[in-house]
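Each chain, letter by letter, is given below.
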Amino acid sequence: MIINNLKNETGSSLLFIIISIVVLGVLGAGMFSLFTSSTISVFTPNYSLKARYMAEAGIRYAKGKIRSADDQATAVNELTDNGGGLDYALEDENGFSLDITQGTSSYTITSTGFSGTGTARSYIKLSDSTLPLPGNSGADPWTIDSANVLYGGAGMSISGSAKVEGSISTANDFSINGSGKLKGDVNAGGNVTVEGAGTVEGNIVSGGAVEVKGGKGDGTADVTGNIDAQGDVILTGNVIVAGNITTTGNVVISGSCKVIGTINAGGSVTIEGTGSVGGDIIAGGNVTITSSGTANGNVDSGGDISVGWGGSIKGNATAAGSVSSKEADDIEGSILENAASPPLLVPEDPEEYYESTLQLPDTPFTAGETDICGTGTPLAPGKYGVLKTKYACKDIYLSPGQYYFKEIDASWNTKLYLDLSEATEEEGIEIFVVGDAVFQSSFEVWVSTDGINYQLSTAVDKSLSAHIYLETMGNFNMGSVGQWFGAVYAWEELTVSSGNSSYIGSFYLRDLNNLTIGSDVKVVLVPSNYIKNNWYEE
């Protein structure tokens, strides 16, 4: 009896052990399945993200190789293995392949990024067609230069309350301050500075650094377009940049400055004070957000990401190094530290300063000997001595053709009448002055398109100013409360004095440091037909 009971108990124990093993096995399989599913859900999306990084990296790699090559055709063949396809595989099963085709004016680079292994491998394909062929900017020189109709070899500035409508090109520095306003783009080989209540209603391209400080403080953008710089970009005060910032250097945003677009920086990005960025941030270096700074998009860093007290990242944070924050909810998206190489979207290359092929003329010319004044009757084209107005001899009438003067001295309240009834794109009114061209205060320009009726230059179609060209081997000086209508090329200095003046046309100087635009001057820039026809080879 006792023996039977022991046998029964032994059998029951064995059965219990077997059942327990089965149950544990089922639970273990379930846990393994859960773990496997979790692993896939966490890491499979990462393959897609890394594949995009690879595709971006492939485009940057190809553009860099082609740009720096002495023989671009050879570089293209090497990059694509002569069209046979070539994988650039990096560590951890990441890499890209390239396909490069040549269009009429640019290369099209197609980069296919890949990441992962087997069925989990992800592919992303991206294309870029912004790299021009050798010696081909994508447009003829005049198309580009005519968009920059204030042109000169050295730096310049706009100050006071001057307002300029049109784009500016200078080989060196450019600055705008006070309440000056530029309705156009800046194309500068040097540094660009916008301060006070100065405004650029367009894009800024700088071969150096860009600093925007102060700001209007009225909630509207101080720079309405993009900023592309080869140096650092610094925003201080309460500046608003409506576009994107792309730079090979660092970006510093302080005070209450805002960038509505994205930031692509080859260096570090720092957001201080209550500064904010509306789009994504891609940085080759560290990203630091202090105080109440905010990044509303994703942040990708080639270094570390640090979020201080009050700072926040609304999107994801991906770093080649560490990611740190003071509070757990400072970063609302996912966090990826020590990301595999390359750990981030490679920063875009900024648009480069365009150096014009335009060559300013330096051939001297001569005038005649007979001095004249403004007689009030049409003056025939030809060579004259000094044109000097005085007393009742203050009305100058010109029509299409070439005029040569030793000097122009237009006294107070002189009127210039321009008959454009027979002007064409090939022939307009062309004025050449050996010495200085001086137009004293209250100088007025009247324009006619029928040879009979004249209107003030401020009231006519501004594009008509393309028909007038003045070149002086000396200085050009326009007095206060004056008007000018047409292009001016000054070998020496060009001055537009303060005081409710109007300048419609374009400026060309050998040295833009010799350009002075006074306060309360309105400038509307219009390209010149003469320059288009005579300063470029067919």
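Refer to the structure above for everything that follows.
Residues numbered from 1 in each chain as written. Predicted model: local features only at pLDDT ≥ 70, side-chain atom pairs only at ≥ 80, totals over all residues. Heavy atoms only, no water.

1. A few points about the overall build of the chain
Stated precisely, the cut-off is as follows: The way it works is that DSSP assigns letters per residue, a run of H or I at least four long becomes a helix, a run of E at least two long becomes a strand, and they are numbered from the N terminus. Residue burial is assigned from relative accessible area. The probe radius is 1.4 Å, only protein chains are included, and a residue is buried under 20% of its type maximum, exposed over 50%, and partly exposed in between. Whether two residues touch is decided by their heavy atoms; if any such pair falls within 4.5 Å, the residues are in contact.
Per the secondary structure count, the chain includes four helices and 51 strands. Counting across all 538 residues of the chain, residues that qualify as buried make up 47%. Considering only contacts within the chain whose residues lie at least 6 apart along the sequence, 36% involve residues at least 24 apart.

2. Details of the sheet that holds strand β21 (residues 258–259)
For the record, the criterion: Strand pairing is defined by DSSP finding a minimum of two bridges between the two strands.
The five strands are arranged β18-β21-β24-β27-β30 in an open sheet whose pairing can be described as parallel. On the outer flanks of this sheet lie β18 (240–241) and β30 (312–313), each paired with one strand and no other. In the sheet, strand β24 (residues 276–277) pairs with strand β27 (residues 294–295) via two bridges, with the strands oriented parallel. Bridge pairing in β27 places Val-277 opposite Ala-295.

3. A look at the sheet that holds strand β50 (residues 515–517)
Rules: Every angle, taken between N-to-C directions, lies between 0 and 180 degrees, and every axis is a line fitted to C-alpha atoms, over only the stretch in contact when it is a helix.
As summarised here, the arrangement of the six strands in space is β36-β39-β42-β46-β48-β50, forming an open sheet in which the pairing is parallel. On the outer flanks of this sheet lie β36 (386–388) and β50, each paired with one strand and no other. Going from strand to strand, the sheet's axes swing by 5 degrees on average, the running direction of each strand aside. Sheet topology places strand β39 (residues 407–410) next to strand β42 (residues 437–439); three bridges connect them, and they run parallel. Its bridge partner being in β42, Ala-410 is matched across the sheet by Phe-439.

4. Some details on unusual backbone geometry
The phi dihedral of Tyr-391 falls on the positive side, at around 45 degrees, and the residue is not glycine. In this structure, Tyr-391 sits in the loop between β36 and β37 (394–398). The phi angle at Asn-500 is positive, at roughly 55 degrees, despite the residue not being glycine. Along the chain, Asn-500 turns up in the loop between β48 (494–496) and β49 (501–509). Taking relative accessible area as the criterion, Asn-500 reaches 55% and is therefore assigned exposed.

5. Topic: the nonpolar core
As a reminder, the rule being used: By nonpolar core we mean a set of buried residues, namely Ala, Val, Leu, Ile, Met, Phe, Trp, Tyr and Cys, connected to one another through side-chain atoms within 4.5 Å.
Counting residues in each nonpolar core, the largest one holds 91 residues, and the members touching the most others are Leu-235, Ile-263, Phe-476, Trp-484 and Phe-507. Membership of the second largest hydrophobic core comes to 15 residues, among which are Leu-358, Phe-432, Tyr-469 and Ala-487.

6. Observations concerning the side chain of Ser-254
By the secondary structure assignment, Ser-254 is in the loop between β20 (251–253) and β21. The class for Ser-254 is buried, based on a relative accessible area of 13%. Aside from chain neighbours lying at most four places away, what touches Ser-254 is Leu-235, Thr-236, Gly-237 and Glu-272.

7. A short note on a negative patch on the surface
What counts, and what does not: For patches, a residue must show more than 30% relative accessible area and have no salt bridge; joins then use 9 Å for like charges and 5 Å for nonpolar side chains, namely Val, Leu, Ile, Met, Phe, Trp and Tyr. Only the protein chains shown count as cover for residues, with accessible areas throughout obtained via the Shrake-Rupley method and a probe of 1.4 Å. In the sections that follow, a salt bridge refers to a side-chain nitrogen of Lys or Arg positioned within 4 Å of a carboxyl oxygen of Asp or Glu. Positive charge is attributed to Lys and Arg, negative charge to Asp and Glu, and no charge count is given to His or to the chain ends. Charge placement uses NZ in Lys and CZ in Arg. For Asp and Glu, CG and CD serve respectively.
Residues Glu-407, Asp-436, Glu-492 and Glu-493 make up a contiguous surface patch of negative charge. With respect to the helices and strands, the residue Glu-407 is situated in strand β39.

8. Examining the packing of aromatic side chains
Stated precisely, the cut-off is as follows: In this analysis, rings of Phe, Tyr and Trp, with Trp reduced to its six-membered ring, are considered paired at centre separations within 6.5 Å, and the interplanar angle assigns stacked below 30 degrees, edge-to-face beyond 60, and tilted for intermediate values.
For the coordinates displayed, the defined rule picks out 21 aromatic pairs. Residues Tyr-384 and Phe-405 carry aromatic rings whose centres are separated by 5.8 Å and whose planes lie at 20 degrees to one another, so their mutual orientation is stacked. In this pair, Tyr-384 sits in the loop between β35 (382–383) and β36 while Phe-405 sits in strand β38 (residues 401–405), placing the two residues 21 residues apart along the sequence. Just as Tyr-384 is buried, Phe-405 falls in that class too. Relative to Trp-535, the ring of Tyr-508 lies with its centre 5.3 Å away and its plane at 80 degrees, an arrangement referred to as edge-to-face.

9. Notes on the state of the cysteines
The cut-off we apply is this: Only a pair of cysteine sulfur atoms within 2.5 Å qualifies as a disulfide here.
One pass over the full model with this rule turns up one disulfide. Between the sulfur atoms of Cys-373 and its disulfide mate Cys-393 the distance is 1.6 Å. Disulfide Cys-373-Cys-393: the torsion about the S-S bond is 75 degrees, which places it as right-handed. Remark: Cys-393 occurs in the loop between β36 and β37 and Cys-373 occurs in the loop between β33 (335–336) and β34 (374–378); sequence separation between them is 20 residues. According to the relative accessible area criterion, Cys-373 is partly exposed, its value standing at 23%.

10. Quick word on the environment of Ala-423
Note on placement: Ala-423 falls in the loop between β40 (415–419) and β41 (429–433). Sequence separation of Ala-423 and Gly-401 is 22 residues, and the distance between their C-alpha atoms is 8.9 Å.

11. Side note on the pairing of strand β2 (residues 94–102)
Direction of pairing for strand β1 (residues 87–89) relative to β2: antiparallel, over a ladder of three bridges. Opposite Ala-89, over in β2, you have Gly-95 as the bridge partner. Both β2 and strand β3 (residues 106–115) contribute to a ladder of nine bridges, which runs antiparallel. Following the sheet pairing, Ile-100 is matched in β3 by Ile-109.

12. Observations concerning the environment of Thr-294
Structurally, Thr-294 is set in strand β27. When the C-alpha positions of Thr-294 and Asp-330 are compared, they lie 9.6 Å apart, and in sequence the two are 36 residues distant. When sequence neighbours within four positions are dropped, the list of residues in contact with Thr-294 reads Ile-271, Gly-275, Ser-276, Val-277, Ile-289, Ser-312 and Lys-314.

13. Comments concerning the pattern of salt bridges
For the structure shown, the criterion picks out nine salt bridges. A salt bridge links Lys-314 to Glu-332, with the nearest nitrogen and oxygen atoms 3.3 Å apart. On the criterion of sequence distance, the pair formed by Lys-314 in the loop between β30 and β31 (317–319) and Glu-332 in the loop between β32 (323–325) and β33 is long-range, its members being 18 residues apart. Between Asp-409 and Lys-388 there is a salt bridge, with its nearest N and O atoms 2.8 Å apart. Taken as a pair, Asp-409 in strand β39 and Lys-388 in strand β36 lie far apart in primary sequence, 21 residues in all.

On their own, these measurements won't tell you what the molecule is for.
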